[in-house]
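Structural features, examined
The lines below spell out each chain.
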Amino acid sequence: MFKSPLATMHVSALISLVVLFPVAFGQLNTLAKAKGLMYFGSATDNGELSDTTYVSILSNTSQFGQITPGNTQKWVYTEPTQNTFSWTQGDVITSFAEGNGQLLRCHNLVWYNELPSWITSGTWTNATLIAALKNHIANEVTHYKGQCYAWDVVNEAFNDDGTYRVDVFYTTIGPEYIPIAFETAALYDSSVKLYYNDYNIEYAGAKATAAQNLVTSLKARGIKIDGVGLQAHFIVGSTPSLSSQLSNLKAFTALGVEVAYTELDVRFSSLPPTTAGLTQQGTDYANTVSACVQTTNCVGVTVWDFTDKYSWVPSTFSGQGDACLWYTDFTLHPAYYSVVAALGGSATATSSTVVSTATTLVTSTTTTTSAAATTTASGTVAKWGQCGGTGWTGGTVCESGTTCTYSNAWYSQCL
Ligand code: 9MR
């Protein structure tokens, strides 16, 4: 009688098998690449890099293949006084990424916020501000030449109604400051991808249309623009649906640019989250990640930091938060598994490792254990374990005190 070779295999050999095929049980970046994306990444900031647990997760390239400096490439840090440039803090992040072999999205060259006071309080003419703008871009793009996959050249130039945001650049130079910024960036690094980056352009509407019109007008003038970054700062339950995100991404890529989700997080507008809210957060994350996976020329997804410990949300929106994939103590949100599922991964083996202790997660796929750890002694599925979803053949009865909760078509979880 035929006997499956697997049946005769020693347990340790089985574990090796898991290690040999990390894609099947892989983590975010590994899975994203297997699905055809270039990366799954995270933003980070200088202060966080002294947190060793944080750093070991961020450095793990099976989780994160791309880094965005959350702050220290911005104008206030890089040119604090006119024509005096300071790269030290930005370089800490770029060196970190390079040391780990991670791609860099460089962020950003022109933004109304985090500007030095010599810009915001200066006395400008059209000519002097254009000169200052060009000088800033020329110096920063030259300094980071060869290091960035992409630059967010202009950030958040539109209001939600599609009109131009009124800031010092718009007031002094007019809308022409945007083409000037793109032209200048292209001049100093011909191979870096040049992006326009904004929020509330993740669904059809006046602001997305304004961003699309910008792409069209730059291209019509022969000015290089390679991509549009959709920030994706969402609220649990108010995230656009998968179909609306898909049609929106296609409206951009149809113009001949690539797209990326550049600052994804999904925050709770009140805390603590309910069980149903955590499930909804998983659906919201999964819809966004799935939209990218299903869109040709969507190159990657970046979360705006991976842990609630360092999220920008609570300090900006009082009483809101829990927006990231990892909690403050580095345990995982249920949404993590929804993202894994949306990336085509099996949450089973991964979850048995990553949920058990934060430190196990830090050590990457080589510590992936068998699926048994998600099963309790009585044979039910332990809290956080997978209990359903397309193709799921494991246990479906959750341990006492937890309920098998639908997250998305591929994944239900004991919560
Ligand atoms: O995460 C950044 C936070 O630490 C800064 O205080 C803030 C300054 O305004 O900028 C945050 O990052 C923003 C990004 O650069 C552009 N899109 C919105 C992000 C969240 O505010």
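Before any of the text, the structure's been laid out above.
Just so you know, these numbers come straight off a predicted model, no measurement behind them. (Residues numbered from 1 in each chain as written. Predicted model: local features only at pLDDT ≥ 70, side-chain atom pairs only at ≥ 80, totals over all residues. Heavy atoms only, no water.)

With respect to the nonpolar core
Note on soluble globular proteins: their nonpolar side chains tend to be buried together. Membership of the largest hydrophobic core comes to 95 residues, with the highest contact counts inside it found for Leu 28, Phe 40, Trp 151, Val 154, Phe 169, Phe 182 and Trp 326. For this core, the element with the most residues is helix H10 (residues 177-188), which contributes 7 residues. Not counting the four nearest positions on each side in its chain, Val 154 is found in contact with Val 110, Tyr 177, Ile 178, Ala 181, Phe 182, Tyr 195, Tyr 196 and Asn 197. Residues Tyr 149, Ala 150, Ala 260 and Val 299 belong to the second largest nonpolar core, which totals 6 residues. (Core = buried A, V, L, I, M, F, W, Y, C linked by side-chain atoms within 4.5 Å. Buried < 20%, exposed > 50% of the residue type's maximum accessible area, 1.4 Å probe, protein only. Helix = DSSP H or I, 4+ residues; strand = E, 2+ residues; numbered from the N terminus. Contact = heavy atoms within 4.5 Å.)

Re the site of the ligand
In the vicinity of the ligand lie 14 residues, with Asn 71, Lys 74, His 107, Glu 156 and Glu 263 positioned nearest. Contact between the ligand and Lys 74: an oxygen atom at 2.7 Å from a side-chain N or O atom of the residue. Between Glu 263 and the ligand, the recorded distance is 2.7 Å, taken from a side-chain N or O atom to a nitrogen atom. Summarising the interface, the protein chains cover 74% of the accessible area of the ligand, which totals 450 Å² for the free molecule. Among the detected pockets, the ligand sits in the largest pocket. Taken together, the residues that form the shell around the ligand break down as 3 nonpolar, 7 polar and 4 charged. (Near = heavy atom within 4 Å. Polar contact = N/O pair within 3.5 Å; in protein donor to acceptor, adjacent residues only side chain to side chain. Areas by Shrake-Rupley, 256 points an atom, 1.4 Å probe, with all protein chains shown as cover. 1 Å grid on protein atoms, 1.4 Å probe; cavity = no way out; pocket = protein on both sides within 12 Å on 5 of 7 lines; lining within 4 Å. Sits in = over half its atoms within 2 Å of the grid points. Nonpolar A, V, L, I, M, F, W, Y, C, P; charged D, E, K, R; others polar.)

Remarks on helix H13 (residues 275-293)
For H13, with 19 residues, the first-to-last C-alpha span of 27 Å sits near the 27 Å given by 1.5 Å per residue. The element H13 is largely enclosed, with a buried count of 15 among its 19 residues. (Expected span 1.5 Å × (residues − 1).)

What about empty space enclosed by the protein?
Within the structure shown, the criterion is met by 1 cavity of 30 Å³ or more. If you add up the space inside the largest cavity, you get close to 30 Å³. For the largest cavity, the full set of lining residues is Val 110, Trp 111, Tyr 112, Val 154, Asn 155, Glu 156, Ala 157, Asp 167, Phe 169 and Tyr 177. For the lining of the largest cavity, a count of residues per class yields 7 nonpolar, 1 polar and 2 charged. (Points joined across faces, edges and corners; volume = space filled by probe spheres on them.)

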